[in-house]
Amino acid sequence: MVKYLARRVLATVPVVIGVTLITFALMHATAGSYIPGLDLNPNLKPEDAEAIKRYLGLDRPLYVQYLTWLAGIAHGDFGRSMIDGSLVSSHIFDRLPATLELTITAILIGVLISIPLGIAGALRRGSKIDHALTALSVAGFAVPAFWLGLVLILIFSVQFEAWGLPFLPSGGVMTPGTNGGDPLDRLVHLVLPATVLSFVYLSIWSRFTRSSMLEVLSQDYVRTARAKGMSERRVVYLHALRNAVIPLITLVGLELPSLVSGGLVVEVVFSWPGIGKLLYERALQTDYTTVLGITTFAALLVVAGNLLADVLYATLDPRIRYE
Amino acid sequence: MISPLPIEAPVPPSTAIVARTSRGYWREAGGRLRRNRIGIVSGGVLLFFVVVALAAPLLAALITHTDYRSIDLINTFARPLTPSHILGTDELGRDELTRLLFGAQVSMGIGFLAVVVALTIGACVGLVAGFYGGLIDGLLMRFVDMILATPAIFLFILMSILFKPNTITLSLIIASVGWGSIARLVRGEVLSVRTRDFMVAARAFGASDARLIFRHLLPNVLHVMIVFGSLYLGQVVLIEAALDFLGLGISPPTPSWGNMLTNSETYFFHSSWLVIWPGVTIFLTVLAANLFGNAVRDAFDPRLR
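Below or above, wherever it landed, is the structure these notes cover. (Residues numbered from 1 in each chain as written. Chains lettered and ligands numbered in written order. Predicted model: local features only at pLDDT ≥ 70, side-chain atom pairs only at ≥ 80, totals over all residues.)

## A closer look at unusual backbone geometry
Residue and element names in this part refer to chain A. The following threshold applies: Helix and strand assignments come from DSSP, with helices taken as H or I runs of at least 4 residues and strands as E runs of at least 2, each series counted from the N terminus. Backbone-placed C-beta atoms define the burial measure: a residue is buried with 20 or more other C-beta atoms within 10 Å of its own, exposed with 12 or fewer, and partly exposed in between.
A positive phi angle, close to 35 degrees, is found at S271, a residue other than glycine. Mapped onto the elements of the fold, S271 is located in the loop between α11 (264-269) and α12 (275-284). Here S271 falls in the exposed class, since 12 other C-beta atoms lie within 10 Å of it.

Right, here's the structure in full:
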């Protein structure tokens, strides 16, 4: 296990270097000297422009700039905004809680609903329920998340209010003016965005659980368990389920990076003040350095998420380690 | 592939085997696809949208009698089913149906272009990486890892603010991330194909690397590409619509299903159809593309069923 772990960790090193290189290259392609038009500004004397560049370290060779930047990232410094000079990392940590609140809820809903749905489909293979679930997941995979969000707002916020029914808020994490201390208020705000976000997960994971469950149910040990006269309930929930959800864990693990990026469109639709909305707002202002800082942060998280999923998988399924 | 038969007991070729060899793999897959009713219907829907996209100017002239740009400030927010506006009008009095017709050009154009570009780049990288192996393989696949490790939506947004995309650049932006997955798939398939006997034989005949790759490997990985391509189309349409919706893709006055939804949020209270139509068309297109992709997969790769 230790050997496997070491090998996996080592394998991520080139990926990390590559990802940072790509973003660094993009940063230079885009921001160039960080300050577009610095050399063209008529109000600046050339030597002043040089002084600014020297102050920002832009006169040093590229590899020194890259290493400095990398060292900064290692210390949690993702650079500064090109617009207002604020620290990108402080923005990230400002917005991270809201994003995590949304995505973790969505993933939990996804897991808690998709596994029972997948089992139901597998156990009643070919039945009406199975077909309905299949149709639902095919539809869920094809519906644009932002549009689903708009339609749910239209129904549950706009129309319900018009009909005088209790309606759900159409955006934000809490009622404006409150300080977010009321958990019920936060929960009510969470309902619509979390539903939309979990919809995609639901359609993928329930299909996956179904096929994984079908495969496991055809295994010899399940037949043995049945032959022993074990109750169907025990066979399904004790023997089959345990092995059927192992591959699902990898799949969920692969969604870990989307903890940060997955909700971008949903965050924009529901004006949810998370990382995705932050990136979007900054992108509209062409604040390249902030966008790149967030992208680097997210990319590193992806690498970490993949690693975690692999390790988790290897812990649960010993066969993996010996391949 | 011919399975080795024991020499002692030669088996006379049964009719079943003769029938199999006389019908090629492609013909058989085509037959399976034609027998798949859902596949045919969804393929038809997809074809319908392609025809609509190609004939949009004609249809606009003949059916809706208006242009996607023509503003009619007297008839803003006309309800659907009003005489000259079957699906109603938007905030500037532009005909919704006409804009949907022209929006199909954006979705279908970018969809197919991005799929073709991603397939071409991905297949080349996958073929080369799988064929040569070793250092080249390692380098190329690590590069793919890096591309796929960066959250795609962030990369799209980043490139969108850099290049201010039009139809072609937006396809390239989307394809610049999508090729990674197909490269991986093709490489995996190449690894299993390249050790087969016919490859060894072709090499023994002195075939060049290029000939080996394009004449012998490519036809054997083509089915992976077709399956991926048809499933990828729906994803591209979804991504493209989302970028347009965010105002980072195709921007007005060119209508696209995504950017038609951008403003609709503002007019929720009185004009909900502006939200409904573009979303339904996106949904139908992606649904058809996905179902067709599934049918293609079942036809070309029955093992995966």
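## A word on helix α6 (residues 145-162) of chain A
Where we set the bar: By this rule the span expected of a helix is its residue count minus one, scaled by 1.5 Å. Note that bend, as reported per residue, equals the angle between axes fitted to the 7 residues terminating at that residue and the 7 residues originating from it. This entry defines residue contacts through backbone-placed C-beta atoms, with two residues in contact when those atoms are within 7 Å.
The end-to-end C-alpha distance of α6 of chain A is 24 Å, a good match for the 26 Å that 18 residues give at a rise of 1.5 Å each. Where α6 of chain A bends most, at L154 of chain A, the angle is about 30 degrees. Residues of α6 of chain A that are buried include every one of A145, F146, W147, L148, G149, L150, L152 and I153 of chain A, and no others. Its buried side turned inward, α6 of chain A meets α7 (183-217) and α11 of chain A together with α10 (209-245), α11 (257-262) and α12 (273-300) of chain B. Looking one or two residues beyond α6 of chain A, the residue adopting positive phi is G164 of chain A, at roughly 75 degrees.

## Observations regarding the packing of helix α4 (residues 88-123) of chain A against helix α13 (residues 288-316) of chain A
Residue and element names in this part refer to chain A. Selection rule: Between N-to-C directions, angles span 0 to 180 degrees; the directions come from axes that are lines fitted to C-alpha atoms, helices contributing only their stretch in contact. Note that the term roughly parallel is reserved for angles under 35 degrees, roughly antiparallel for angles over 145, roughly perpendicular for angles of 65 to 115, and oblique for everything else. Here a crossing is taken to be left-handed if its near helix is turned anticlockwise relative to the far helix by less than a right angle, and right-handed if that turn runs clockwise.
Between α4 and α13, the shortest axis-to-axis distance is 10 Å and the interhelical angle comes to 60 degrees. With respect to their mutual orientation, α4 and α13 come out oblique. The chirality of how α4 crosses α13 is right-handed. Contacts from V88, H91 and I92 in α4 reach T289, T290, G293, I294 and F297 in α13.

## A few points about the interface of chain B and chain A
Filter applied, for reference: Under the scheme applied here, ten amino acids are nonpolar (Ala, Val, Leu, Ile, Met, Phe, Trp, Tyr, Cys and Pro), four are charged (Asp, Glu, Lys and Arg), and all others, including Gly, are polar.
Listed as interface residues are 33 residues of chain B and, on the opposing side, 34 residues of chain A. For the side of chain B that touches chain A, the secondary-structure elements that each account for two or more residues are α6 (134-149), α7 (152-163), α10 and α12 of chain B. The dominant element in the side of chain B that touches chain A, judged by the number of residues it contributes, is α12 of chain B, at 8 residues. Grouping the amino acids of the side of chain B that touches chain A by side-chain chemistry returns 25 nonpolar, 5 polar and 3 charged.

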